[in-house]
Amino acid sequence: MARIYYYSDEGELMEVVLNAAQPEVVIGRQASCAIRSSGQSVSRQHARVVYNDGQYVLEDMGSSNGTFCATIRLDAHQAVFLEDDVLFACGQFELRIAFDEEDIARAAGEWIEPEPAAPP
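Scoring rules and cut-offs
- Residues numbered from 1 in each chain as written.
- Predicted model: local features only at pLDDT ≥ 70, side-chain atom pairs only at ≥ 80, totals over all residues.
- Heavy atoms only, no water.
- Pairing = 2+ DSSP bridges.
- Helix = DSSP H or I, 4+ residues; strand = E, 2+ residues; numbered from the N terminus.
- Buried < 20%, exposed > 50% of the residue type's maximum accessible area, 1.4 Å probe, protein only.
- Core = buried A, V, L, I, M, F, W, Y, C linked by side-chain atoms within 4.5 Å.
- Contact = heavy atoms within 4.5 Å.

Turning to the sheet that holds strand 9 (residues 79-81), a few remarks are in order. Strand order in the open sheet made by the 5 strands is 4-3-5-6-9, with mixed pairing throughout. Looking at the sheet topology across the chains shown, the edges are occupied by strand 4 (35-36) and strand 9. Sheet topology places strand 6 (residues 55-60) next to strand 9; 3 bridges connect them, and they run antiparallel. Residue Leu58 lies in a different strand from strand 9, and its bridge partner there is Val80.

Structure (structure tokens):
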């Protein structure tokens, strides 16, 4: 599980959880987006973050003002793997992703899937 942190248009710190139950979060100005910003540098459907098999992917959705991972601008429809505690931006709208301990261990190659419990 990961959490995406950002500030709302009103300046309130917000958090969205990304996991197997909610594997995709779309960021943009459109009302249907899970993370919304009214900023003019943000497209209607700007970018998305997808959880897939323990990894998190940031994908630009053809935005006008660019999606940035750290300081690197993604090409339109380009996707990159996110790392723990990385800053990313949709235009000038900044967000941060934070992994839980299980995801950090998995990214480091240290996670071992638990064995299923034996029947009684």
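Let us keep going from here.
Our focus in this paragraph is the environment of Gly91. Relative to the elements of secondary structure, Gly91 occurs in the loop between strand 10 (87-90) and strand 11 (93-99). Looking at Gly91, the relative accessible area reads 12%, which means it is buried. With 27 residues separating them in the primary sequence, Gly91 and Ser64 have C-alpha atoms 8.2 Å apart.

Attention now moves to the nonpolar core. Ranked by size, the top nonpolar core spans 24 residues in total, and within it Ile35, Val49, Leu82, Phe88, Leu95 and Ile97 carry the most contacts. The set of elements that each furnish at least two residues to this core consists of strand 1 (2-7), strand 2 (13-18), strand 3 (24-28), strand 5 (47-52), strand 6, strand 10 and strand 11. Element by element, the count of residues in this core is highest for strand 11, at 4 residues. Not counting residues within four places of it along the chain, the set of residues in contact with Leu82 comprises Val49, Tyr56, Leu58, Cys69, Phe88, Ile97 and Phe99.

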